[in-house]
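Listed below, chain by chain, are the residues.
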Amino acid sequence: MQWERMTASELAELRREGVALLPIGSLEKHGEHLPLGTDGLIAHKVALLAAEREPAVVLPPLFFTYTKEMKNLPGAISLEADLLLRLLEAICDEVARNGFRKIVLVNCHGGNSALLKVFLQELCDKGKDYAVYLPPIFLAPEAVERVKETKEIGHACEVETSFALYLYPELVRMERVPKEFYSSRKDYDLSPASTSVDWYASYPDGYVGDAKKASPEKGKVTVEAHVEKLAELIRKVKRDDKVPGKLREFHRKSLNP
Ligand SMILES: [Zn+2]
C-alpha cells in the first residue's frame, strides 16, 4: 500500500478507500544511539502497520520538516516554517487530485506539532476539496504509562528507543546510550511564559531520561497499541462526512460573512 511501490492502476484501485496517510518525521540528532531519521522511520512503519489493518495508501515519509530547536547539533535539516506550510499544502493538493480526499498526517516529531496545527487551521477558508486529520504523536499514552520506568521521557528516551528497538533494531546502537540519567536542565524559570530557547535550554544534547531501560518488548506493547489506535482512527475518518461538509460550509460563509 506504499504509494511509491504500487503501479498506477493499483493506486487507482485503492482510491476506493479514499484515505491517504502522510508519515511525517524529521532529521535531527537522537542521542548517540538512534538515527537522525528516527521520527520519520517510526512514523512510516506505524502507518504501514495501521494500513495493513485498515486499508489506506501510505505516502513516502516526509523527512524534511521543522526542527530549528535542534540546529545546534549535527545532522539537523530544518525548513523555514512558511516553506513547510506551502510544501504540505502542495503535497496534499496533489494527493487529493489523485482521488484521496481524506489525508491523515502521521507525525512523530514534536517540533512539527505547532506548525501542523497552523496548517490545519490555514486550510479552513481555502475551499479545498479534501480534509486533513491530525492525530496526536502519542496515540496510546496508556500503553506508554504501562511500560515506562523512567520518570522523564521525550526525546531519544526509553519510549522512543523502545519503538526503534522493535521496529528498526538494526539501527539502534544500545552500547552508545549514556550511562547517566539525563534530566531536563533548564537553568532559568520564566514560567508561565515560553521563550525561543526553552527546548535548547532543557535538552542541550537532544536526549532525555534513560534509554538503557528501553527494550523491544516495551516497543512491541507500545507500537501495537499505537497501531491499533491509528487503524481505529482510519476507520473513523472513512466514515466521516461531517468535516468535509463543514469545510465547504465554512468556506462559503467566509466569502460572505
Ligand atoms: Zn524523535
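**Student:** Describe the packing of helix 6 (residues 158–167) against helix 8 (residues 216–239), with residues and values.
**Tutor:** Axis separation between helix 6 and helix 8 bottoms out at 7 Å; the angle between their running directions is 90 degrees. For the element pair helix 6 / helix 8, the angle class is roughly perpendicular. Across the interface between the two elements, Glu158, Ser162, Phe163, Leu165, Tyr166 and Leu167 of helix 6 pack against Pro216, Lys218, Gly219, Lys220, Thr222, Val223, Glu224 and His226 of helix 8.

**Student:** Can you explain helix 6? Please cite residues and give values.
**Tutor:** Counting buried residues in helix 6 gives nine out of ten residues, a clear majority hidden from the surface. Against helix 2 (38–53), helix 5 (141–147) and helix 8 lie the buried residues of helix 6.

**Student:** Which residues make up the coordination of the zinc ion, and what are the values?
**Tutor:** Looking at the metal site, the zinc ion is ligated by His30 (NE2), Asp39 (OD) and Glu160 (OE), spaced 1.8 to 2.0 Å from it. For the zinc ion, the donor residues sit on a single chain with the sequence spacing H-x8-D-x120-E. Residue His30 is found in the loop between strand 1 (19–24) and helix 2, and its partner Glu160 is found in helix 6; the two are separated by 130 residues along the sequence. Each member of the pair, His30 together with Glu160, is buried.

**Student:** An account of the pairing of strand 3 (residues 102–107) is needed here, citing residue identities and associated values.
**Tutor:** Buried residues dominate strand 3, accounting for six of its six residues. Neither face of strand 3 is open: one carries Lys102, Val104 and Val106, the other Ile103, Leu105 and Asn107, and all of them are buried. With three bridges connecting them, strand 3 and strand 4 (residues 131–133) associate as parallel partners. Looking at the pairing, Lys102 lines up with Ala131 of strand 4. What joins strand 3 to strand 4 is helix 4 (residues 113–122), and the crossover it makes is right-handed.

**Student:** If you had to explain the nonpolar core to someone new, which residues and values would you point to?
**Tutor:** Among the nonpolar cores identified, the biggest contains 31 residues, and Val19, Leu21, Val46, Val104, Val106, Leu230 and Ile234 are the most heavily contacted of them. Only strand 1, helix 2, strand 3, strand 4, helix 6 and helix 8 provide two or more residues apiece to this core. Among the elements that line this core, the one with the most residues is helix 2, at seven residues. Ignoring anything within four residues of it in the chain, the contact list for Val104 reads Val19, Ala20, Leu21, Leu22, Tyr133, Pro135, Leu230, Leu233 and Val237. In terms of nonpolar packing, the next biggest core, distinct from the first, is built from 24 residues, Met6, Leu11, Ala96 and Ile103 among them.

**Student:** Run through the sheet that holds strand 4, naming residues and quoting values.
**Tutor:** Strand order across the open sheet formed by four strands is 2-1-3-4, with parallel pairing between neighbours. With one partner strand each, in any of the chains shown, strand 2 (57–58) and strand 4 form the two edges of the open sheet. Packing against the sheet, helix 8 makes contact with strand 1, strand 3 and strand 4, and its axis sits at approximately 160 degrees to strand 3.

Procedures and definitions
Residues numbered from 1 in each chain as written. Predicted model: local features only at pLDDT ≥ 70, side-chain atom pairs only at ≥ 80, totals over all residues. Heavy atoms only, no water. Axes fitted to C-alpha atoms, helices over the stretch in contact; angles between N-to-C directions. Helix = DSSP H or I, 4+ residues; strand = E, 2+ residues; numbered from the N terminus. Parallel < 35°, antiparallel > 145°, perpendicular 65-115°, else oblique. Contact = heavy atoms within 4.5 Å. Buried < 20%, exposed > 50% of the residue type's maximum accessible area, 1.4 Å probe, protein only. Donors = N, O, S within 2.8 Å, 3.2 Å for Na, K, Ca; no water. Pairing = 2+ DSSP bridges. Right-handed = clockwise from strand over helix to strand, strands pointing away. Core = buried A, V, L, I, M, F, W, Y, C linked by side-chain atoms within 4.5 Å.

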